[in-house]
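# Chains, contacts and geometry: an overview
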Amino acid sequence: MSKLLSFLHDIRYVLLFYIVGDILTTYIGINGGHGFESNPFLTSLGLTYLLKLLFLFLLGILYIRTVERPILWDFTRHAVVLIGIFATVNNLIVIYYGYSPIQLVI
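### Points about the side chain of asparagine 91
Examined against the element boundaries, asparagine 91 turns out to sit in helix H4 (residues 70-97). Among the residues examined, asparagine 91 registers a relative accessible area of 14% and is labelled buried. When sequence neighbours within four positions are dropped, the list of residues in contact with asparagine 91 reads Asp22, Thr25 and Thr26.

And the structure:
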């Protein structure tokens, strides 16, 4: 039980930004008519939830396997947090301004 609590503590920002932030802002953006899901593989939020759960499971396996290499674990979880922050902020910009910064690059 303590390993599970330790894992959940380590991924608290992954849960906040990559899971909750991204899903919530995507849901609000799509249902509010502010945007659409541009990823062709994620046509439904149900599939998104399933893939996020699968990702958490794989992250848990990585957590277990990198106990002796904390640098690898720290790099991985921080990278996922940064992706989550980027996705959440991008979604918020779409909701409030009607465009994605990614569109400016592409």
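Resuming the write-up.
### So, the packing of aromatic side chains
The tally for this structure, following the rule as stated, stands at four aromatic pairs. Judged by centre distance (4.9 Å) and plane angle (45 degrees), the ring pair of tyrosine 18 and phenylalanine 55 falls under tilted. One end of the pair, tyrosine 18, is in helix H2 (residues 12-31); the other, phenylalanine 55, is in helix H3 (residues 45-65), and 37 residues separate them in sequence. Residue classification places tyrosine 18 among the buried residues on the basis of a relative accessible area of 18%. With centroids separated by 5.0 Å and ring planes inclined at 70 degrees, the aromatic side chains of tyrosine 63 and tryptophan 73 adopt a geometry described as edge-to-face. With tyrosine 63 in helix H3 and tryptophan 73 in helix H4, this residue pair connects regions lying 10 residues apart in the sequence. With relative accessibility at 4%, the residue tryptophan 73 sits in the buried group. Its guanidinium or amino end placed over the ring of tyrosine 18, lysine 52 lies 3.7 Å from that ring's centre, counting from NZ or CZ.

### Considering the confidence of the model for the protein
When pLDDT is averaged along the protein, the result is 88, and 95% of the positions lie at 70 or above. Summarising per-element confidence for the protein, the mean pLDDT is lowest in helix H5 (residues 101-105) (79) and highest in H4 (94).

### A closer look at the environment of leucine 92
When you line up the elements, leucine 92 lands in helix H4. Residues leucine 92 and serine 2, 90 residues apart in the sequence, show an inter-C-alpha distance of 35 Å.

### Here's the deal with the packing of H2 against H4
One way to put it is that H2 packs onto H4 with a least axis distance of 8 Å and a crossing angle of 20 degrees. With respect to their mutual orientation, H2 and H4 come out roughly parallel. Two packed elements cross with a definite hand, and for H2 against H4 that hand is left-handed. Taking contact as the criterion, the partners of Tyr13, Val14, Phe17, Tyr18, Gly21, Asp22, Thr25, Thr26, Ile28 and Gly29 in H2 are, on H4, Arg77, Val80, Val81, Ile83, Gly84, Ile85, Ala87, Thr88, Asn91, Leu92 and Ile95. Here the contact of H2 with H4 is built from residues that sort into 12 nonpolar, seven polar and two charged.

Rules behind the numbers
Every chain begins its residue count from 1, and numbering advances along the sequence as written. Reporting in this predicted model follows two pLDDT cut-offs: at least 70 for local features of residues, and 80 or more for side-chain atom pairs to be given and counted; totals over whole chains, interfaces and linings ignore these cut-offs and use all residues. The side-chain numbers reported here are obtained from all heavy atoms of the structure, hydrogens and water having been left aside. Strands are runs of DSSP state E lasting at least 2 residues, helices are runs of H or I lasting at least 4, and numbering of each runs from the N terminus. Relative accessibility under 20% of the residue-type maximum defines a buried residue, over 50% an exposed one, and the middle range a partly exposed one, all with a 1.4 Å probe and only protein chains included. Here, residues are in contact when the closest pair of their heavy atoms is within 4.5 Å. Classification of ring pairs rests on two measures: the distance between centres of Phe, Tyr or Trp rings, Trp counted by its six-membered ring, which must be within 6.5 Å, and the angle between planes, read as stacked under 30 degrees, edge-to-face over 60 and tilted in between. Charge-over-ring placement is defined geometrically: NZ (Lys) or CZ (Arg) within 6 Å of the ring centre, and within 35 degrees of the ring normal. One confidence number per residue, pLDDT, is output by the predictor and ranges from 0 to 100. Axis definition: a line fitted to C-alpha atoms, over the contacting stretch in the case of helices. Angles run 0 to 180 degrees between N-to-C directions. Any angle between 65 and 115 degrees counts as roughly perpendicular, while under 35 counts as roughly parallel, over 145 as roughly antiparallel, and the rest as oblique. Handedness of a crossing is defined here by the sense of rotation of the near helix relative to the far one, left-handed for an anticlockwise turn of less than a right angle and right-handed for a clockwise turn. Note that Gly is not counted as nonpolar here; it falls among the polar residues with everything else outside the nonpolar set of Ala, Val, Leu, Ile, Met, Phe, Trp, Tyr, Cys and Pro and the charged set of Asp, Glu, Lys and Arg.

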